[in-house]
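Residue-level structure breakdown
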Amino acid sequence: MAANDNQHGPPSDMERIKETSNYLRGTIVESLNDAVTGAIAADDQQLTKFHGTYQQDDRDARLRRQHKKLEPAFTFMVRVGIPGGLATADQWIVMDDLSVKYANNTLKLTTRQAFQLHGVLKSNLWAAIHEINAALMTSIAACGDVCRNTMATPNPDASTIHQQVYEATMDIARLVRPQTNAYHEIWVDDKKVLTSKDERPPEEVEPLYLKHYLPRKFKIGLAIPPHNDIDVFSQDLGMIAIAEGDRLVGFNLVCGGGMGMSHGKPETYPNAGTVIGFCTADQLCQVTEQLVTIQRDFGDRSNRQHARFKYTIDDRGIDWLIGELNSRLGWQIESARPYAFESNGDSYGWLKGIDGAWYMTLFIENGRVRDAGDLRMKTGLRKIAELGLCDFRLTGNQNLILGKVASSNKKKLQKLLDEYGITAVQSTSAARLNSMACASLPYCGLAMAESERYLPDLMTRIETMIKEAGIWEVPITIRMTGCPNGCARPYLAEIAFVGKSPGHYNVYLGAGFTGDRLNKLYREGIDEETILQELEPLIKHFAAERLNGEHFGDFVIRAGYVKPTTAGLNFHD
């Protein structure tokens, strides 16, 4: 195991699983070939996360199947990470095909610029992942104790700075990708998989991660001021682009962000990352590698609830982190450069790029691409992809940009969007356009309450209050998760609903509109009617007494509804 002086006990069982897996092989092939059950072996359930898939079961059917003495209705979620969010029309078609052939006929666009397929049966899992790779995509490292999909603003054609940041994003994605051959042996080449008894020198397999990979997941994202559309302060390692004119000079480094926590365990908490300094653009990959290996070597491998980078830093301090980083680099990072953010949402509608092409940002409510009534989004986007009118760019807010649209095709594409009901956002409040929800039930085994299926209805009731208060066009970030693990980044929302039990949510208020400040618990474990009773006077108060340009998160602190959260360590104060 890598050197680690942060142990609070023996290594967790996950460390054993990784150690004996022979670089993520385990017995995955045997599990896939076991026709007796729809599940895979317990250790393989952990290892397949590194390959981009989670075992789940249909929780809507769980009790019914228990009564019939049947095993749960096991299925798998497959996640396809897209560094920087940029996919081709052909890749969109492949994902659409897979959603029909193997999944539940929907696509989920995630908060990390990834595709998700839900409802894939074990018998179809190999074919789904194999076909993903045939389309020049991959699910490797979309989950697991590794660096996850590298995020960035998904429009490199917005400026020359955006182009340079996109190139840096791809460099980092290549740097942190696992090097084990296990993924290709199992899912791509379909060749003999080496067993755990086969010798394979660790230095030839995982030069970055070594035998035990990371203590927990590690998230990286690059933001370009003034838009913090990838929530850079939520990342384990964030980079804020610093430009001089049209030249990218480097990045401010943000360390220690992370959204997960557990109810009733105050030793766990979300955290907004801290800016620790600046490096030049050509130093970024070297700095990234050293920060990842610091977490590899010092992260807690005993207690997985204490294993994220934020805890490693809080246990030792920012000064320790900077000193350790400088020591490993052999030179010192510089002081942080000035920057300013204005928002952390998406800007909807048409934008012309520096290449002369057009870019349309669409609102995809909670990232779910499907047909529902007059909104035939899935069918319409498939038609647009087949005509080759654009490429497809996944944002960090579960939305979609149709990019590289030639001026001669702009009216044609707009007509198709109107025909399929895809761009009807005129009747949508700014608050809904700034809302997000995790998938939650019926897919996620950790979910305590509804999220994606419920937030649209709750938003409709909240919109009634917003309209009556006369703030329809005032953006408010609103996010919901079915549990406290934070997949929709709720603790950076001005209003957040976090599932506590079926039908009951903790309500948090007061995050910064630009995503730089955590929120604070306002009410605990309340149902829908109580949520609405609490929010109505608050929204009226905000509408009546907000200062010019004041955002909701700032107002509730100024008005005394909640105290500001200045660091994760005082989140529960």
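Reference entry: report on the structure contained in this document. This structure is a prediction, so every number in the text was calculated from the model and none was measured. (Residues numbered from 1 in each chain as written. Predicted model: local features only at pLDDT ≥ 70, side-chain atom pairs only at ≥ 80, totals over all residues. Heavy atoms only, no water.)

Details of the overall build of the chain
Basically, it comes down to this: Helix and strand assignments follow DSSP, with helices taken as H or I runs no shorter than four residues and strands as E runs no shorter than two, numbered in order from the N terminus. The reference for a compact globule is 2.2 Å times residues^0.38; the radius of gyration itself is calculated from the C-alpha atoms. Should any heavy atoms of two residues lie within 4.5 Å, those residues are considered in contact. Surface exposure here means Shrake-Rupley accessible area, sampled with a 1.4 Å probe, where a residue is shielded only by the protein chains that are shown. When charges are counted, Lys and Arg are positive and Asp and Glu negative, with His and the chain ends excluded. Charged side chains are reduced to one point each, which is NZ for Lys, CZ for Arg, CG for Asp and CD for Glu.
Along its length, the chain carries 18 helices and 22 strands. Over its C-alpha trace the chain gives a radius of gyration of 23 Å, about what one expects of a compact globule, namely 25 Å for 573 residues. Projected onto its principal axes, the C-alpha coordinates of the chain cover approximately 70 × 55 × 55 Å. Counting contacts in the chain only where the partners sit at least 6 residues apart, residues at least 24 apart contribute 69% of the total. Of the roughly 22,400 Å² that the chain leaves accessible, carbon and sulfur atoms contribute 50%. If you average the places of the 63 positive and of the 71 negative side-chain charges in the chain, the two averages end up 3 Å apart.

What to know about the pairing of strand β7 (residues 220-223)
This is how it is decided: Residue exposure (1.4 Å probe, protein chains only): buried if accessible area is under 20% of the type maximum, exposed if over 50%, otherwise partly exposed. Here a strand pair is declared whenever DSSP counts at least two bridges between the two strands.
Here β7 shows a buried face lined by Ile220 and Leu222 and a second buried face lined by Gly221 and Ala223. Sheet topology places strand β6 (residues 151-152) next to β7; two bridges connect them, and they run parallel. Looking at β7, one finds that Ala152 is bridged to Leu222. The pairing of β7 with strand β8 (residues 237-244) spans four bridges and is parallel. In the strand pairing of β8, Gly221 is matched with Gly238.

Concerning the sheet that holds β8
Spatial strand order, β6-β7-β8-β9-β10: five strands in an open sheet with mixed pairing. Two strands lie at the open edges of the sheet, namely β6 and β10 (274-280), each paired on one side alone.

Re empty space enclosed by the protein
Going by this rule: Points on a 1 Å grid over protein atoms alone make up a cavity when a 1.4 Å probe fits among them but cannot get out, and a pocket when they form an open set with protein on both sides within 12 Å along at least five of seven lines; lining residues each have an atom within 4 Å of a point. Grid points are joined across faces, edges and corners, and a volume is the space filled by probe spheres set on the points. Only Asp, Glu, Lys and Arg are considered charged in this grouping, and only Ala, Val, Leu, Ile, Met, Phe, Trp, Tyr, Cys and Pro are considered nonpolar; every other residue, Gly among them, is considered polar.
Applying the stated criterion to the full structure yields one cavity of 30 Å³ or more. As a volume, the largest cavity reaches approximately 70 Å³. The wall of the largest cavity is formed by Gly345, Asp346, Tyr348, Asn397, Asn399, Leu433, Asn434, Ser435, Met436, Thr477 and Arg479. When grouped by side-chain class, the residues that make up the lining of the largest cavity number three nonpolar, six polar and two charged.

Description of the sheet that holds strand β4 (residues 107-109)
Put simply, the rule is: A fitted line through C-alpha atoms serves as each axis, taken over the contacting stretch for helices, and the angle formed by two N-to-C directions is quoted from 0 to 180°.
The strand order across the open sheet formed by five strands is β1-β2-β5-β4-β13, and the pairing between neighbours is antiparallel. For this open sheet the edge positions go to β1 (53-57) and β13 (368-369), each flanked by a neighbour on one side alone. As paired elements, β4 and strand β5 (residues 114-120) share two bridges and run antiparallel to each other. Across the sheet, residue Leu109 finds its bridge partner in β5, namely Phe115. Along the sheet, helix α6 (residues 122-134) contacts β1, β2 (74-81) and β5; its crossing angle with β2, the most-contacted strand, is approximately 10°.

A few points about the nonpolar core
Heads up, the rule is: As used here, the term nonpolar core means buried Ala, Val, Leu, Ile, Met, Phe, Trp, Tyr and Cys residues forming a set that is joined through side-chain atoms within 4.5 Å.
Within the largest apolar cluster, 98 residues are counted, with the highest numbers of intra-cluster contacts made by Trp92, Phe115, Leu381, Ile384, Phe392, Leu400 and Leu402. The greatest single-element share of this core, amounting to six residues, is contributed by helix α10 (residues 284-298). When residues no more than four places from it in sequence are discounted, the contact partners of Leu381 are Trp92, Leu362, Val369, Phe392, Leu400, Leu402 and Ile422. The next biggest cluster of nonpolar side chains, apart from the first, holds 33 residues, and it includes Ile462, Tyr505, Val507 and Leu535.

Examining the packing of aromatic side chains
For any pair of aromatic rings, the description consists of the separation of the ring centres together with the inter-plane angle of the planes. Inclusion rule: Each pair of aromatic rings taken from Phe, Tyr and Trp, with Trp reduced to its six-membered ring, is defined by centres within 6.5 Å and is described as stacked if the planes are under 30 degrees apart, edge-to-face if over 60, and tilted in the remaining cases. We count a charge as sitting over a ring when the NZ of a lysine or the CZ of an arginine lies within 6 Å of the ring centre and within 35 degrees of the ring normal.
If you walk through the whole model with that rule in mind, you get 19 aromatic pairs. Judged by centre distance (5.7 Å) and plane angle (25°), the ring pair of Tyr454 and Tyr505 falls under stacked. Of this pair, Tyr454 sits in the loop between β18 (435-437) and α16 (455-469) while Tyr505 sits in strand β21 (residues 504-509), and the two are 51 residues apart along the sequence. A residue is classified by how much of its surface remains accessible, and Tyr454, at 14% relative accessible area, is buried. Among the aromatic residues, ring-to-ring pairing joins Tyr522, Phe542, Phe552, Phe555 and Tyr561 into one connected group. A cation over an aromatic ring shows up here: Lys467 above the ring of Trp472, its NZ or CZ 6.0 Å from the ring centre.

A few points about the side chain of Gln116
The line we're drawing: Two N or O atoms count as a polar contact when they lie within 3.5 Å, although within protein this holds only if one can serve as hydrogen donor and the other as acceptor, and sequence-adjacent residues are included solely when both atoms are side-chain atoms.
Structurally, Gln116 is set in strand β5. Within the structure, the side chain of Gln116 is placed 3.3 Å from the side chain of His118, a separation counted as a polar contact. Setting aside its immediate chain neighbours within four residues, Gln116 contacts Met77, Val78, Arg79, Leu107, Lys108 and Thr110.

A short note on the pattern of salt bridges
To be explicit about the condition: Throughout this description, the term salt bridge denotes a Lys or Arg side-chain nitrogen within 4 Å of a carboxyl oxygen of Asp or Glu.
Per the counting criterion, the structure on display carries 39 salt bridges. Here Asp355 ties to Lys404 by a salt bridge, and the two come within 2.9 Å at their closest N and O atoms. Separated by 49 residues along the polypeptide, Asp355 in the loop between β11 (349-352) and β12 (358-362) and Lys404 in strand β17 (residues 400-405) bring together distant segments of the chain. Looking at Lys404, the relative accessible area reads 41%, which means it is partly exposed. One salt-bridge network, in which partners are shared between bridges, spans Glu15, Lys18, Asp145, Arg301 and Arg304.

Examining the environment of Tyr23
Summarising the element assignment, Tyr23 is placed in the loop between α1 (13-19) and α2 (28-33). For Tyr23, a relative accessible area of 4% corresponds to the buried category. Note: C-alpha distance between Tyr23 and Glu452 (429 residues apart in sequence) is 35 Å.

Description of α16
Keep this limit in mind: Expected span, for any helix, means 1.5 Å times one less than how many residues it has.
With 15 residues, α16 should reach 21 Å at 1.5 Å per residue; the first-to-last C-alpha distance of 20 Å fits that figure. Residues of α16 that are buried: Leu455, Pro456, Leu458, Met459, Ile462, Glu463, Met465 and Ile466. Residues of α16 that are buried make contact with α15 (430-433), β18, β19 (478-481), β20 (495-501) and α17 (528-545). Looking one or two residues past α16, Gly470 carries a phi angle of roughly 75°, positive in sign.

Overview of helix α14 (residues 410-419)
Basically, it comes down to this: Directions pointing from the helix axis toward each C-beta atom define the arc.
Turning to α14, its buried residues are Leu413, Leu416 and Leu417. When α14 is viewed along its axis, its buried side chains cluster within an angular range of 100° and face the same direction. Pointing more than 90 degrees away from the buried face of α14 are the exposed residues Lys411 and Lys415. Turning to α14, the residues buried within the fold contact β11, β12, α13 (377-387) and β17. Residue Gly421 follows α14 closely and has a positive phi angle near 70°.

With respect to the side chain of Arg517
By the secondary structure assignment, Arg517 is in the loop between β21 and β22 (520-526). Looking at Arg517, its side chain comes within polar contact range of the main-chain oxygen of Gly553, at 3.4 Å. One polar contact links Arg517 to Asp554, side chain to side chain, over a distance of 2.9 Å.

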